[in-house]
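Structural characterization, general
So you can see what is in the structure, the chains are spelled out below.
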Protein chains: 2
Amino acid sequence: MGEDTGRSQYVYRFEEGTRDMRELLGGKGANLAEMTRMGLPVPPGFTISTEASMEYRRAGRIPESLVGEIREAMESLETARGRSFGSPERPLLVSVRSGAPVSMPGMMDTILNLGLNSNTVAGLAAESGDERFALDCLRRFIQMYGNVVSGIPVGDFERILGSVRDGVGVASDYELGVGELRQVIDSYLAMYRKRMGRGFPEDPWEQLLGAVEAVFKSWDNPRAVVYRRHHGISDALGTAVNVQSMVFGNLGSGGGTGVVFTRDPATGEATLYGEYLQNAQGEDVVAGIRTPRPVEEMRDTMPEVYRDLERVARNLEVHYADVQDIEFTIEEGELFLLQTRGAKRTPAAAVRIAHDMVEEGVISREEALLRVDPEDLSVLLHPSIDLSGELDAMARGLPASPGAASGKVVFSADDAERSGSAGERVILVRPETTPDDIHGIVGAQGILTSRGGMTCHAAIVARGMGKPCVVGCGELRIDLENRKATVGSQQIQEGDLLTIDGTSGSVFRGEMDLIEPVLTRHFRTFLDWADDVRTLGVRANADTPEDAAVARDFGAEGIGLCRTEHMFMEPSRLEAVQAMIMANSTEEGTRALEAILPLQRSDFVELFRTMAGLPVTIRLLDPPLHEFLPDIDELRDELRALRAAGAGWAEMAVKEELYSRALSLQEMNPMLGLRGCRLGLTRPEIYRMQVRAIFEAMESVRSEGIEIFPEIMIPLVSDVREFRELARMVREVAEEIGGVGPHLVGTMIEVPRACVTAGEIAAEAEFFSFGTNDLTQTVFGFSRDDAEAKFMHFYLTEGILDENPFAVLDEVGVGSLIRTGIDGGRAEREGLKIGICGEHGGDPRSIDFCHRAGMDYVSCSPYRIPIARLAAARSALKSRGESREM
Amino acid sequence: MGEDTGRSQYVYRFEEGTRDMRELLGGKGANLAEMTRMGLPVPPGFTISTEASMEYRRAGRIPESLVGEIREAMESLETARGRSFGSPERPLLVSVRSGAPVSMPGMMDTILNLGLNSNTVAGLAAESGDERFALDCLRRFIQMYGNVVSGIPVGDFERILGSVRDGVGVASDYELGVGELRQVIDSYLAMYRKRMGRGFPEDPWEQLLGAVEAVFKSWDNPRAVVYRRHHGISDALGTAVNVQSMVFGNLGSGGGTGVVFTRDPATGEATLYGEYLQNAQGEDVVAGIRTPRPVEEMRDTMPEVYRDLERVARNLEVHYADVQDIEFTIEEGELFLLQTRGAKRTPAAAVRIAHDMVEEGVISREEALLRVDPEDLSVLLHPSIDLSGELDAMARGLPASPGAASGKVVFSADDAERSGSAGERVILVRPETTPDDIHGIVGAQGILTSRGGMTCHAAIVARGMGKPCVVGCGELRIDLENRKATVGSQQIQEGDLLTIDGTSGSVFRGEMDLIEPVLTRHFRTFLDWADDVRTLGVRANADTPEDAAVARDFGAEGIGLCRTEHMFMEPSRLEAVQAMIMANSTEEGTRALEAILPLQRSDFVELFRTMAGLPVTIRLLDPPLHEFLPDIDELRDELRALRAAGAGWAEMAVKEELYSRALSLQEMNPMLGLRGCRLGLTRPEIYRMQVRAIFEAMESVRSEGIEIFPEIMIPLVSDVREFRELARMVREVAEEIGGVGPHLVGTMIEVPRACVTAGEIAAEAEFFSFGTNDLTQTVFGFSRDDAEAKFMHFYLTEGILDENPFAVLDEVGVGSLIRTGIDGGRAEREGLKIGICGEHGGDPRSIDFCHRAGMDYVSCSPYRIPIARLAAARSALKSRGESREM
C-alpha cells in the first residue's frame, strides 16, 4: 500500500479485510471482515489499522490523512445504511471498539451509540417510537464517553443518577421516566462542563475522533503495558479501532441480543450453547435486571432467526475449523453478527471437540492434536475443585502433588490410618512427614504440611501415590500437642473440614465440590492419535505395582524410574533397614539385609508382572541413610525424656546408639552428601542385595512365561570409575545367580560432571537417564527445597527467572549440559538409549526440549502420562513442520 | 642394534653407555657408564639391559643369547682386573644390583662378593692376608644369596648365627673367630640343602645367573607392582642388572667407604657433606657397630683421597649440573666410585642450591626454577615439626590450615583469649567453632576440632589468619562439661601439652620441636626470577590489613578475594548484624546496618592503605544469614532452661524471637540456599551498605593520595539477570555518592550455569573470578564438608578418584566447564579479566591449568603466594618449551 501511494492506508472497510489480516486489523476487525466477506449479516463498518495507532504513538497526534479516510468511510456507511451521521432524521449511530492483534486486558472498552446528541436523540426517539429508550441511550452514551474518553470517574455519574432515583423514590434506573432522564442528562452535561472546563462534545465527528484517540491512548495504559511485558508481547504491535454501525435489539419483541457457542464449551457436545434476551441490548444482560434464557428457547420464540443462527454457527465453525463464540443482535427480526472468535472451552470439551471435529472431517488428526494444550489435560486426570463456586483460599502452599481432596483434619498418621480404614475421608496435617508416617499418608485423602519443598518426603510420596498434597504452607502454624492449627487469626481444630488443591497449592476451609476424573472414549482415541504421531517414548516414574497399573492404563510404554527407596520405607521393613544401618561391617549389614531380600524380590515380581513385556528401569538406592532413621531432634528429646524418667541402662544404650548413629550420619548438605552411588560403593551390601532381588524376580516371572527387560540404573555418577566398579558388582551377582535374562546396566546423569564426561561414561554404561531434578539443583547451585521456600517466588515475581526451573527445564543452562551429555554419550556409543526421569519428563515444554535434543523417551508420573503422550506428539508435528519449512 | 644383527644386544659394558641411556640401562647403570666415560675411577663392570628383563618376562626364562653375552663381558672384566672368575687365585668377585629406569621399593637388593665359594674364599684370604675377613665375606654372601635368590627367610640364618654366638658366649658377630665362622658356614650350607633339596651353588656362573634371574623376577614382586600402579609407572619399563667387580675398603687402614653429598642437603651450603668409615665395607656402616665420621675428617686422615674426592665431587656436580649423592670405596688408598645420583634435599636446601648454582654459572635461572617443587616451599612458609625426632601421632584429622603449633589445651574461646593475652601458648580444642569463638581463635596458637570439614568455620578463619588448624578429628571425643577429651583410651586434660600439624592433620601429645620459617635472601632472589618468567598474575585471598600485609611481603600483586563476611563476624559487630537479621523490613534492616557502615568503611580504608596502588577484589556478603546467629540447638536448649527457671515474659520473648528467626532461616542444604547474590537481591540493604562502605573508603584514601582499584564482586551468579540487577544497584550507590574513582563490577563464576551462560554474563560483568571451591561442589555434586568427612578418603584409597578435587582442580570435569566459561566470556568481551579465587589458586597443578586456560591471575592464601609465584613461572617455562617443540 504505502509504498505505491507514498502514504499509508489506515482505514479498511470490512469488505476489504480477511481473517489473515489480524496483525493489521486486530483480531476483532479481521473476523468482522472475514464474516463480511463470507456474506454473513454483519452491520457495516470499518477498521482503523494498527499502523494508525503506531503512527499516533510516534507523532503524538492523529495523522492528518486518517481523518480524511475516516470521513470517506463514514460516508460509505451512511450510504449503506441509508442514514446520516449527526442528522436528527434517521441518524447514523456507531459503536467504537478497540481490537488489538492479541487480546489484552486494560484496553479501552466499547463505546455504543456514538453519534447521539441533543439533536439526534430526537431522531432515535422518532424512529423507535420510544422516547424513553432514546433518552436512556443518550444518558448511557454520555456516561460511557465521559468516563472512557474524558476520564471522569464512573462514581461521579452514579452519584447524580442515585440522587435522581432517590428524588423519585425508585430503586432501579429502569424505573426512571422521560422527565427524570432529561434531568439526569442535564445534570451529566453540567457536571461534565464543570469537570472538563468545556461542554460535552455535541459534534458527532468530535465524538468519533475523541473515541478513536482514546483507543490509541489505551495501548499505553499501565495495565496493558504490564500485561504485554509479562507475556512478552511487543509494544510495536499496536491496536486497531473498529467503527461499526449500531443495530438495536431493543426495538420491540422481534429484537434481542445474545451470545452463542457453536458447541457446549463445558462438555464439547455438538449442540448450540448460549443465552439470549429478547427485546434487549447487550448492556441489559450486564446490568443483571433480566435473566437471559437458554439460546435453544429461540427455537420456539423466533424459529426463523434460530434457524439462521444455526446455519451461521455451522458455517462459521466449518469456515474457521474451530468452535466459535459468537455475539449477535436481532434487530426487528433480522440477525446481525457483532463478533466471532475461537471459543474458550474446558479441557474436557477441548478433547471432545478435537475428537469430534476429526470424526466429522472438519480437521485432520494432526490439527486436532495441536488444538489441545497438554497442560490442560491435568485436570482431567485428577479430581479438581468445581470452579463454578465461590473460591476463597484461606492459605496457600506449594503445589506438591496435583488434584484436590476434602476431608476432616487429623494431626497424626495413626489417626489418619484409623479414620481411613474406617472409610472416613481425612486430610493429614503435619509440620512435615517422615517414613514413619507412610501408613497415615496411605489412609488420608490428601496431605498438608507447613514445612518442606517440592522434593520433601510428603511431596515425593504423595506424587508417587497420585494423592493430592500441599507442602511448605508457611502461614499454617501447627500445634501438635493441642491438636489444632492456626492461619493468621483463624483456628483449625481436629475434625474441621478442609479442602486442599494440590494443583494450585490452595487450602480452603470446608468441603468443596470436587469433579472426579474420567478417561472418556474420546480421550483415549485422541491419545491413540498422539501415539501414532510421536517419536518420543513415554514411560512412567512408578515404584509400586499400583502405580505401574495406573501408568499402563494411561499408556506408559515401560517404567523409566522405579525408586527403590520407597520399598525400604515401608513400615514393616523399617526395622530391618535400621538394623542394616546400625551394622558395623559389611557382613553385619548383609545379614540384616537378608530379611529384606525376599520382600524386595516380591516387590519386583509384582512390578514385573504388571509391566510384562516392557522395560523397567530400576534405580538402586539413592537417598542418604539418615532418611531411614527417626528425626534427630525427636531422638534427642526421647533420650532426654528417658533419662529424666530414670530409664534402665539397657534401654538407654539402645536409644543412645541409634542417636549416635543418626548423629554420625548427619550432613551439612545431604543433597550433595553420602547418597546414590557413593552409598552403593561404601555400603556395597545394599546394592548387592538389590541387584540379587531384581535378577531373582526376573527369573521368577520368566518361569511364568513373562518377558521383562530390567534396566539397572546407578544413580549420581560423577566419574566413570564409580560406574565401572558398580557395574562390575552387577555382573558378579549375575554370574553368581547364573543364566540371568537380558538386561541393561546404565546410569542416571544428574550432576554436571557426568554431562561433561559423558563419553567416558558411555563407554561402560548401556543407557543414560537424565535426572533433571538434581541436575537443575547442581547446575544452578539451587537446593530445590530451600530455593522454593526462600527465594524462588521472589525471583519469579521480580522477573529474575522467567520460570521455576524445577517445573520447566532450563534449556539455556541445564539443557546445554544435557546436550553436551547426549553428544558425548552418542559419540562414544552409537544409538545409546537416552531418557529423562526428572519431573520435567511430564512438562510439555520440557518434553519438547527432550524431543529436539534427540532423547529416546521421557518418563513421568503416571498421572502425567497422557500429557506427555500429547506433548510428544505435538513436538513431533512441530519438527515435521519445521523440516518442511527448511 | 637388534635391527641390524637380527638379535638384541643385552649387555653393555660401562664404557659403552651414557647417562642418556637411562631407559635401557636403568638409572644406576647409566650413571656408572657416564662416570666411566668421564674417566672417573669406577670399578669395571657391565649392565644387562632392561630389554633383557622384558624378554625374560615374556619368555619366562633367561634368553639364550644373554648367557653368551654375560660370559663375554665377564671375560673382559677378568682381563681388566687381572683376575679370574671362580679361580682360587686372585678370584674375581662381583656385586650384582638391580637398577630400574625409575627407582622403586621392593626391587632386589645388592648381592656382594658373588663368586665366593669354598675354593675362592681361600684366594680372598690369601690376598687380603685375613682369613677371618674372607670367611665372613663368604658367610654373608651365602646368607644374602640364600635369602634374596633362594627365598630362605633371614631368620633361619640368624638362628644359626645366634646359637653359635651363644655357644661361645659372645654378643656380636664381629667377635666370632675363624673356627666359629667355619662352623656357621657349614651349618648354613646344611640348612640350605635341607630347605632347598639341593646344595648351595658352588659354581660362580650358576651364582651369577641365579642372581640375574632373581633381579628379573623382583620386577614383578607385589610391592614393586603396587608401587608402579600407584605412581602410574609402566610395567613395560623393566629393570636393568648391574654387575660390577668388587673393590674392598676393608683391606687395611688405607681403605674405607662412605657417602658424600656435593653440598649440604639440609641447608644447601656449598661444602662437601657426608660420612665415611676407615677400613670398612658399606655393610659395616649398616651394622651400626662403628660410628661413621664426618667426611671432612678425611682431610686429615687421607688428605690425598680427600682431594680426589673433592675434585670428583665438583666434577660430577658440574657435569650433572646438580648436587650429587655419591657412594665411594677406597681400596688401599685408591678411590673408587660405586654410584652417583641426584641428591635428595630439604626445601630450604633446594632453594639455596638452585640460587647458588645460578650465581656460580652452573645452571640458568630457568633451570633453577624447574629444580624446586613449588609444593615443597610450603614448609618454608609455616612453622613445621622437626622431622628428625620420633613422630608418633596420637590422632589424625583434616589438614585445614598448614603449619604446626604447640601449646596447652584449653576447651573454651574465653580461656584461649585469657591465656593468649597472658602470653601463654595454647591450643583451642572444640567440637567446632562459631563466630562467637573468634576471640579464642585469635588468642590460640592453633585450633583443633572434632567436627567439620575443610570449609568449616574454624578452617576458613584459621586459614585466613595463617594459623595452624586441624578439623574433623573424629577420634577425638570432647567432654566440654568436664574439660577433657579422649582419643581411644588416652585422656587429654585441660592444660596438657599438645602439638598439631595443620600441614598433615596430625595431632601429637606433648610439645614437639618446631622449625620457624624464614624468607632468606636466596629465597627472595629466587622468587624474583620466578616473577621475571611468569605471565600469570598472583594475588592473595586476604580479608584483613594484617593478611594483606603478609601477602604484600610475600609478593602479592593485589587482592583477588576479600571476603567481607569476616567483617560481619567480628564479635563487636555481631549485635548489629543480628539486629539487621531480625529486621522485618528493608528500612529496619537499613537502620541496623547504619551501625556497621562506619566500621566496614574503616576496614576498607585500612585494607586499601595496605594495598596502595593495587587492585582489590571485594566479594559482597556471601554466606547465609543463619551463620551469624547462634547455633539453633543451643538456642533451643537455652529456651528450655529459661522456661524451666521460670524466666519472665520479656526475656523469653526476645529469645523466642531469635529462635524463631533462626528456625525460619534454617536450610536443608545451606550450600545451595539463600546466600550470595540471592541474599543480595532479597535483602538489598546489605549490599547497598557494603558498596557504600567501599566507595567511601576509596574516597577517603584517595584524599590521602593513595590510588586503589576496587573490583566489586557479586557472588554465586547463575543468571545474568541477577548480576544486572545488582550491578545497577552498585551504579546507583556510585551516583548517590558522586565522583567515585575507577572501579570494576564483576562476578564470581562458581556454579555450572554461570560457565554455560558466560557470554551473557560477560556482556554486563567487567571481570570473572572462578570460585572453584563451590564450582567443584556443584560440578561433582559433592558437599565438601560431607564428602571429606564421609567418603573422600574411601574414594582416594579405592582409586575412584586420583586426587581430592578440592585440593587439585579436576581438569576433566571442572576444568572443562571453566574453559567453557572463559571461551564464552572472552567471545563476548575481548580481553575480559579472568582469575581464580578458590583454594586451587594456591595449588601448583591447578595453577598450571589456570596458566594453560589463559587466566590473567590466580589468587590464594597469603602463605601460598611464593608457591604460586614459582608454580606460575614453571608453567610459563613449560609452555615456552612446548611452543619451541612445535
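The following refers to the structure shown. (Residues numbered from 1 in each chain as written. Chains lettered and ligands numbered in written order. Predicted model: local features only at pLDDT ≥ 70, side-chain atom pairs only at ≥ 80, totals over all residues. Heavy atoms only, no water.)

1. As for the nonpolar core
Our working rule: Buried Ala, Val, Leu, Ile, Met, Phe, Trp, Tyr and Cys residues form a nonpolar core when they are joined through side-chain atoms within 4.5 Å. Buried means the residue's accessible area, taken with a 1.4 Å probe over protein chains only, is under 20% of the maximum for its type, while exposed means over 50%, and partly exposed covers the values in between.
One finds Phe604, Phe608 and Phe770 of chain A together with Phe604, Phe608 and Phe770 of chain B to be the most contacted residues of the largest nonpolar core, which totals 309 residues. Residues Ile62, Leu77, Phe141 and Ile152 of chain B belong to the second largest nonpolar core, which totals 58 residues.

2. Quick notes on the pattern of salt bridges
Residue and element names in this part refer to chain A. Condition: Note on definitions: salt bridges are taken to be side-chain nitrogens of Lys or Arg within 4 Å of carboxyl oxygens of Asp or Glu. Here a strand is any run of E in DSSP of at least two residues, a helix any run of H or I of at least four, and the numbering for each starts at the N terminus.
Under the definition given, this model contains 156 salt bridges over all chains. One salt bridge connects Arg182 with Glu131, and the closest N-O pair in it is separated by 2.2 Å. Residue Arg182 is found in helix H8 (residues 178–196), and its partner Glu131 is found in helix H6 (residues 131–148); the two are separated by 51 residues along the sequence. Through salt bridges with shared partners, a single network forms among Arg601, Arg688, Arg692, Glu696, Glu725, Arg728, Glu732 and Glu736.

3. Thoughts on the relation of the copies chain B and chain A
Quick reminder of the rule: When the copies are superposed, the least-squares fit draws on C-alpha atoms of residues that have pLDDT of at least 70 in both. Should any heavy atoms of two residues lie within 4.5 Å, those residues are considered in contact.
Note on the copies: chain B fits chain A at an RMSD of 0.2 Å, the axial shift is 0.0 Å, and the rotation between them is 180°. In the structure described here, the two chain copies are related by an operation that fits a two-fold rotation axis. Comparing interface residues between copies, 100% of those in chain B also lie at the interface in chain A; the contact surface is shared.

4. Focus on the sheet that holds strand S6 (residues 256–261) of chain B
All names here are of chain B. Basically, it comes down to this: Here, a strand pair is defined by DSSP locating no fewer than two bridges between the strands. Axes here mean lines fitted to C-alpha atoms, for a helix over just the part in contact, with angles spanning 0 to 180 degrees between N-to-C directions.
Ordered in space as S8-S7-S6-S9-S10, the five strands form an open sheet in which the pairing is antiparallel. The open sheet terminates on both sides in strands that have one partner only, identified here as strand S8 (293–294) and strand S10 (334–342). One ladder, built from six bridges, connects S6 with strand S9 (residues 324–331); its direction is antiparallel. Bridge assignment links Phe261 to a residue of S9, and that residue is Asp325. In this fold helix H13 (residues 303–320) packs onto S6, S9 and S10, with an angle of close to 30° to the strand it touches most, S10.

5. So, the packing of helix H24 (residues 586–594) of chain B against helix H29 (residues 684–703) of chain B
Residues and elements named next belong to chain B. Rules: Take the far helix as the reference: if the near one is turned anticlockwise from it by less than a right angle, the crossing is left-handed, and if turned clockwise, right-handed. Residue polarity follows a fixed list, in which Ala, Val, Leu, Ile, Met, Phe, Trp, Tyr, Cys and Pro are nonpolar, Asp, Glu, Lys and Arg are charged, and the others, Gly among them, are polar.
As a packed pair, H24 and H29 sit with axes 9 Å apart at the nearest point and diverge in direction by 35°. You can see that H24 and H29 cross each other, and the crossing is right-handed. Between H24, through Thr586, Gly589, Thr590 and Leu593, and H29, the contact on the second element is made entirely by Pro684, Glu685, Ile686 and Met689. Looking at side-chain class alone, the contact of H24 with H29 contains four nonpolar, three polar and one charged residues.

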